[in-house]
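Coordinate analysis (summary)
Each chain, letter by letter, is given below.
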Amino acid sequence: MAGRASIPARNSALIAMIADEDTVVGFLMAGVGNVDIRRKTNYLIVDAKTTVRQIEDAFKEFSSRDDIAIILISQYVANMIRFLVDSYNKPVPAILEIPSKDHPYDPAHDSVLSRVKYLFSAESVSQR
């Protein structure tokens, strides 16, 4: 199909995490964590000492790595770098905003959900 971005196929890919400690540790216990030969991890634990710059850098790094297929980011963390999350438009890695223990999920701030709503509203308008 012309104009569509191709999604590379590979045998394995990683899930990256940017979230609070409890969320990251839960996913690490489920086997999501990875440390490569250069001691680079596929996660960032966000706490009170983490700067917005560190979150931005982690997001940019994870979204540019070829071995990452999905980036899970806590919604309250995504709100700190909303301009980056909303401007990201590649299919891989996919960005999924998730709730955290202390911050409930708010569908009004989810960039993926807002894009889906936009596409469905545009589709319904074009079919009339």
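Our subject is the structure listed above.
Presented here is a report on the structure given in the accompanying data block.

Calculation criteria
Residues numbered from 1 in each chain as written. Predicted model: local features only at pLDDT ≥ 70, side-chain atom pairs only at ≥ 80, totals over all residues. Heavy atoms only, no water. Phe/Tyr/Trp six-rings, centres within 6.5 Å; stacked < 30°, edge-to-face > 60°. Helix = DSSP H or I, 4+ residues; strand = E, 2+ residues; numbered from the N terminus. Buried < 20%, exposed > 50% of the residue type's maximum accessible area, 1.4 Å probe, protein only. Salt bridge = Lys/Arg side-chain N within 4 Å of Asp/Glu carboxyl O. Contact = heavy atoms within 4.5 Å. Pairing = 2+ DSSP bridges. Patch = residues over 30% accessible without salt bridge, like charges linked within 9 Å, V, L, I, M, F, W, Y side chains within 5 Å. Areas by Shrake-Rupley, 256 points an atom, 1.4 Å probe, with all protein chains shown as cover.

Summed over all chains, the structure comprises one aromatic pair. Ring geometry for Phe 59 against Tyr 88: centres 6.0 Å apart, planes inclined by 80°, an arrangement best described as edge-to-face. With Phe 59 in helix α2 (residues 52–64) and Tyr 88 in the loop between α4 (82–87) and β4 (94–98), this residue pair connects regions lying 29 residues apart in the sequence. Residues Phe 59 and Tyr 88 agree in their burial class; the two are buried.

For the rest of this paragraph, the subject is the pattern of salt bridges. Per the stated rule, a full pass over the model turns up nine salt bridges. Between Asp 22 and Lys 101 there is a salt bridge, and its shortest N-O distance comes to 2.6 Å. Of this pair, Asp 22 sits in helix α1 (residues 21–29) while Lys 101 is found in the loop between β4 and α5 (111–126), placing the two residues 79 residues apart along the sequence. Here Arg 53 and Glu 56 are joined by a salt bridge, their closest N and O atoms 4.0 Å apart. Here Arg 53 and its partner Glu 56 are both found in helix α2, three residues apart, which amounts to about one turn of the helix. Residue classification places Arg 53 among the exposed residues on the basis of a relative accessible area of 53%. Salt bridges here are not isolated pairs; linked through shared partners, they connect Lys 40, Glu 61, Arg 65 and Asp 67.

This brings us to the side chain of Ser 100. Among the structural elements, Ser 100 can be located in the loop between β4 and α5. The buried category is assigned to Ser 100, whose relative accessible area is 12%. Look past the residues within four positions of Ser 100 in its chain and what remains in contact with it is Asp 20, Thr 23, Ser 74 and Tyr 76.

This part covers the pairing of strand β3 (residues 68–74). Strand residues, when the strand is regular, have side chains that alternate between the two faces of the sheet. Burial analysis of β3 places five of its seven residues in the buried class, which makes it a mostly covered element. Alignment of strand β1 (residues 14–19) against β3, held across five bridges, turns out to be parallel. When the sheet's bridge partners are listed, Ile 15 is paired in β3 with Ile 70. Pairing geometry for β3 and β4, over five bridges, is parallel. Bridged to Leu 72 within β4 is Leu 96.

There is a patch of nonpolar side chains on the surface, built from Leu 96, Val 112, Val 116 and Phe 120 and spanning about 320 Å² of accessible area. With respect to the element layout, Val 116 can be found in helix α5. A residue is classified by how much of its surface remains accessible, and Val 116, at 35% relative accessible area, is partly exposed.

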